[in-house]
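Each chain, letter by letter, is given below.
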Amino acid sequence: GGIMKTGLQIAQHVKEQLVDLTHFKPDTISAISKDEQGWHIFVEMIEMKRIPEATDMLATYETLADEEGNLINFRRTRRYLRQQLMEKEE
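Being a predicted model, the structure only gives us computed values, none of them experimental. (Residues numbered from 1 in each chain as written. Predicted model: local features only at pLDDT ≥ 70, side-chain atom pairs only at ≥ 80, totals over all residues. Heavy atoms only, no water.)

Structural notes on the pattern of salt bridges
Pairing between side chains of opposite charge can happen when their charged atoms approach one another. Put simply, the test is: Basic side-chain nitrogens of Lys or Arg form a salt bridge, by our definition, when they fall within 4 Å of a carboxyl oxygen of Asp or Glu. Only DSSP runs of H or I covering at least 4 residues are called helices, and only runs of E covering at least 2 are called strands; the numbering of each starts at the N terminus. Accessible area is worked out with a 1.4 Å probe on protein chains only. A residue is then buried under 20% of its type maximum, exposed over 50%, and partly exposed in between.
Tallied over the full model, the rule gives eight salt bridges. Between Asp56 and Arg82 there is a salt bridge whose closest N-O contact spans 3.1 Å. Of the two residues, Asp56 sits in the loop between strand 2 (38-48) and strand 3 (57-65) while Arg82 sits in helix 2 (residues 82-89), which places them 26 residues apart along the sequence. Neither Asp56 nor Arg82 differs from the other in exposure class; each is buried. Within this structure, Asp27, Lys49, Glu53, Asp56 and Arg82 form a network of salt bridges that share partners.

Encoded structure:
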């Protein structure tokens, strides 16, 4: 029983593991939540860098991690262009 990790520490650890597994660059952490299963972390990964940046291909990875931040499972739930995200936020 070490020191309890915060959601942000868990998310950071999950992000590093996703990079190792997918070899994609991480963009942002879009959601963090916790329930009886563990930590649910949504990470946006850059699957393809393009110019202009608005045309980057991104993907949302939904992950589940334990109390230590170890990845239990992950799945890619959607792919989209960065500009699609920008339009939505205005």
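Some words on the side chain of Glu47
Our working definition: N or O atoms closer than or at 3.5 Å make up a polar contact, with two conditions inside protein: a donor-capable atom paired with an acceptor-capable one, and, for residues adjacent in sequence, both atoms drawn from side chains. Two residues qualify as a contact provided that any one of their heavy atoms is within 4.5 Å of a heavy atom in the partner residue.
Along the polypeptide, Glu47 turns up in strand 2. Here Tyr61 takes part through its side chain, which lies 2.8 Å from a polar atom of the side chain of Glu47. A polar contact of 2.8 Å, which involves the side chain of Glu47, links it to the side chain of Arg79. If we ignore the near neighbours within four places in the chain, the residues touching Glu47 are Phe24, Met57, Leu58, Ala59, Tyr61, Arg76 and Arg79.

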